[in-house]
Amino acid sequence: MYLFIKEIMDIEKEIEKIKKRNAKVEADKAWETSFFRRGILTIATYVVIAIFLISINAPNPWFSAAIPAIAFLLSTLTLPFIKEWWIEKRK
């Protein structure tokens, strides 16, 4: 009887571990797909490229920096559709 109770307790501990891991995975996925993260990375891309363009005296650095930043943002918006297509094709 004691062994049976111990096995049940071990299974409950394993289930709790799995639940915690799943919660972490879900939070990581939410972060990866969040518009907040995309916005921060787009702004950071714009600023870094603008600084680089200014440092090399490129013409219109503020405007020119917008092109790769917008391209990055577009790539993050279109990739989920491509990912879904790829997953379906792979089945």
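Please refer to the structure placed before this passage.
Residues numbered from 1 in each chain as written. Predicted model: local features only at pLDDT ≥ 70, side-chain atom pairs only at ≥ 80, totals over all residues. Heavy atoms only, no water.

## A closer look at the overall build of the protein chain
- When helices and strands are tallied, the protein chain shows 3 helices and 0 strands.
- Helices (α) and strands (β) of the protein chain occur, in sequence order from the N terminus, as α-α-α.
- Taken against the 2.2 N^0.38 rule, which gives 12 Å for 91 residues, the C-alpha radius of gyration of the protein chain at 23 Å runs more than 25% over that of a compact globule.
- Dimensions of the protein chain, computed from C-alpha atoms along their principal axes, come out at roughly 80 × 35 × 20 Å.
- Across the 91 residues of the protein chain, 12% fall into the buried class.
- Here the protein chain carries 14 positive and 10 negative side-chain charges, and the mean point of each set is 6 Å from the other. (Helix = DSSP H or I, 4+ residues; strand = E, 2+ residues; numbered from the N terminus. Rg over C-alpha atoms; globule rule 2.2 N^0.38 Å. Buried < 20%, exposed > 50% of the residue type's maximum accessible area, 1.4 Å probe, protein only. Lys, Arg positive; Asp, Glu negative; His and termini not counted. Charge placed at Lys NZ, Arg CZ, Asp CG, Glu CD.)

## Details of the side chain of Ser34
- Relative to the helices and strands, Ser34 resides in the loop between α1 (2-33) and α2 (35-55).
- For Ser34, a relative accessible area of 17% corresponds to the buried category.

## Let's talk about a nonpolar patch on the surface
- Where nonpolar side chains cluster on the molecular surface, the patch consists of Phe35, Ile70, Leu73, Leu74 and Leu77 and spans about 470 Å² of accessible area.
- Relative to the assigned elements, Leu74 resides in helix α3 (residues 61-90).
- We classify Leu74 as partly exposed; its relative accessible area is 47%. (Patch = residues over 30% accessible without salt bridge, like charges linked within 9 Å, V, L, I, M, F, W, Y side chains within 5 Å. Areas by Shrake-Rupley, 256 points an atom, 1.4 Å probe, with all protein chains shown as cover. Salt bridge = Lys/Arg side-chain N within 4 Å of Asp/Glu carboxyl O.)

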